[in-house]
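These are the residues of each chain, in order.
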Amino acid sequence: MSEQSQPEITVYLTSTCPYCSMAKNLLNGKGLTYNEINVGGDRALWDAMQEKCGRNTVPQVFIGDHHVGGFDDLSAADRSGELDKILAGNV
Ligand SMILES: N[C@@H](CCC(=O)N[C@@H](CS)C(=O)NCC(=O)O)C(=O)O
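Owing to the predicted nature of the structure, the values given are computational and were not obtained by experimental measurement.

1. A closer look at the pattern of salt bridges
Link 1 in the chain: Scanning the entire structure with this criterion turns up five salt bridges.
Link 2 in the chain: Ionic pairing is found between Glu36 and Lys24, a salt bridge with its closest N-O pair at 3.3 Å. Highlighted residues: Glu36 in strand E2 (residues 35-38) and Lys24 in helix H1 (residues 18-29), separated in sequence by twelve residues.
Link 3 in the chain: Accessibility expressed as a relative area gives 43% for Glu36, which makes it partly exposed.
Link 4 in the chain: Note that Asp47 is salt-bridged to Arg43, the shortest N-O span being 3.1 Å. Residue Asp47 and its partner Arg43 are both found in helix H2 (residues 43-53); the two are separated by four residues, about one turn of the helix.
Link 5 in the chain: Three or more residues joined by partner-sharing salt bridges are found here, namely Lys30, Asp78 and Asp84.

Rules used throughout
- Residues numbered from 1 in each chain as written.
- Predicted model: local features only at pLDDT ≥ 70, side-chain atom pairs only at ≥ 80, totals over all residues.
- Heavy atoms only, no water.
- Salt bridge = Lys/Arg side-chain N within 4 Å of Asp/Glu carboxyl O.
- Helix = DSSP H or I, 4+ residues; strand = E, 2+ residues; numbered from the N terminus.
- Buried < 20%, exposed > 50% of the residue type's maximum accessible area, 1.4 Å probe, protein only.

Structural measurements only, silent on function.
Now the structure itself:
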């Protein structure tokens, strides 16, 4: 999938979170680009993330409007093939 055709991916993260690094590594490994929103130390941004997805941990990954979830969810979706379907707009 070329960079141009991939949907917009947004990752809410902090710079110190190991799960965030693992999520970025997974996305990087698939050749995907993504926007990072660093919510570390920013209560308003963290609250906005929580409001958006109902989760209180980082990372939180969105593909377009689709909330994938945290690293565990992203990893499971990758292994099951669901992630490729989401990326293709088939979910
Ligand atoms: N199962 C989650 C675990 C994520 C997690 O535990 N993240 C930690 C930071 S590494 C967190 O957000 N803790 C709550 C906090 O920092 O307030 C995932 O795979 O994303």
